[in-house]
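Here's the letter readout for the chains.
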Amino acid sequence: MLQQLMASPHLFWLSLGGLLLAAELLGASGYLLWSGVAAALVGLLVWVVPLSWEWQGVAFAVLTIVAALLWANWLKRKPDDTTANESLNQRGRQMVGLHGHLLEQPENGYSRIRIGDSTWRVSCAETLNAGEEVTVTGVEGNTLRVVRYP
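Reading the values: rules and limits
Residues numbered from 1 in each chain as written. Predicted model: local features only at pLDDT ≥ 70, side-chain atom pairs only at ≥ 80, totals over all residues. Heavy atoms only, no water. Axes fitted to C-alpha atoms, helices over the stretch in contact; angles between N-to-C directions. Helix = DSSP H or I, 4+ residues; strand = E, 2+ residues; numbered from the N terminus. Parallel < 35°, antiparallel > 145°, perpendicular 65-115°, else oblique. Left-handed = near helix turned anticlockwise from the far one by under 90°. Contact = heavy atoms within 4.5 Å. Nonpolar A, V, L, I, M, F, W, Y, C, P; charged D, E, K, R; others polar. Core = buried A, V, L, I, M, F, W, Y, C linked by side-chain atoms within 4.5 Å. Buried < 20%, exposed > 50% of the residue type's maximum accessible area, 1.4 Å probe, protein only. Phe/Tyr/Trp six-rings, centres within 6.5 Å; stacked < 30°, edge-to-face > 60°.

Colleague: I tried to follow the packing of helix α3 (residues 33-48) against helix α4 (residues 53-77) on my own but got confused; where do I start?
Modeller: Packed helices, taken two at a time, are described by their axes: the angle between them and the distance between them. Where α3 meets α4, the axes come as close as 8 Å, and the angle between the chain directions of the two elements is 135°. Comparing the axis directions of α3 and α4 gives the class oblique. Between α3 and α4 lies a crossing of right-handed hand. Within the contact between the two elements, α3 uses W34, S35, A38, A39, L41, V42, L45 and V46 and α4 uses Q56, A59, F60, L63, T64, A67, A68 and W71. Residues belonging to the contact of α3 with α4 are distributed by class as follows: 13 nonpolar, 3 polar and no charged.

See the structure below:
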């Protein structure tokens, strides 16, 4: 068996790369990904250029470190998308900035508006009349804050 590996070391590296990538699919959270890629690259390199086992090990180590550093650098430069998800599954926050018309005369500062196919309870600090166009400026629980549309 050892003689077969010595005769075709590229198969060893390609197999190792495949096994590491398969293990990554089982949930290693990225730890085995770059080692698997490096092993596959060493397999391709050894297939093209015959190298001794020592140089194959060095190439594997260097490629693993380079791939991990390139990935870390890419992640560092990637913009953070957490602000885009702030209003995910928070329907009231998604309404901020939208316009609507008051459906009824405000009583004690509260009324209703229609946005899409739903009506929403709104609070308004200023005196408004039914039918006036308003802009949603914020959310207080399930109640939208509105102001007169400029």
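Colleague: What should I look at first to understand the nonpolar core in this one?
Modeller: The tendency in soluble globular proteins is for nonpolar side chains to be buried as a group. The biggest cluster of nonpolar side chains holds 12 residues, and these are M95, L102, I113, I115, W120, V122, C124, L128, V134, V136, L144 and V146. Put simply, the parts of the chain that give this core at least two residues each are β2 (110-115), β3 (118-124), β4 (133-140) and β5 (143-148). Looking at which element gives the most residues to this core, the answer is β3, with 3 residues. Not counting residues within four places of it along the chain, the set of residues in contact with L128 comprises L102, Q105, P106, V134 and R148. With 5 residues, the next largest nonpolar core counts W13, A39, V46 and A59 among its residues.

Colleague: What exactly am I supposed to notice about the packing of aromatic side chains here?
Modeller: What describes a pair of aromatic rings is the distance from one ring centre to the other and the angle between the planes of the rings. Overall, the coordinates contain 5 aromatic pairs when judged by the stated rule. Ring geometry for W13 against F60: centres 5.2 Å apart, planes inclined by 35°, an arrangement best described as tilted. In this pair, W13 sits in helix α2 (residues 9-25) while F60 sits in helix α4, placing the two residues 47 residues apart along the sequence. In this structure W13 comes out as buried when scored by relative accessible area, which is 6%.

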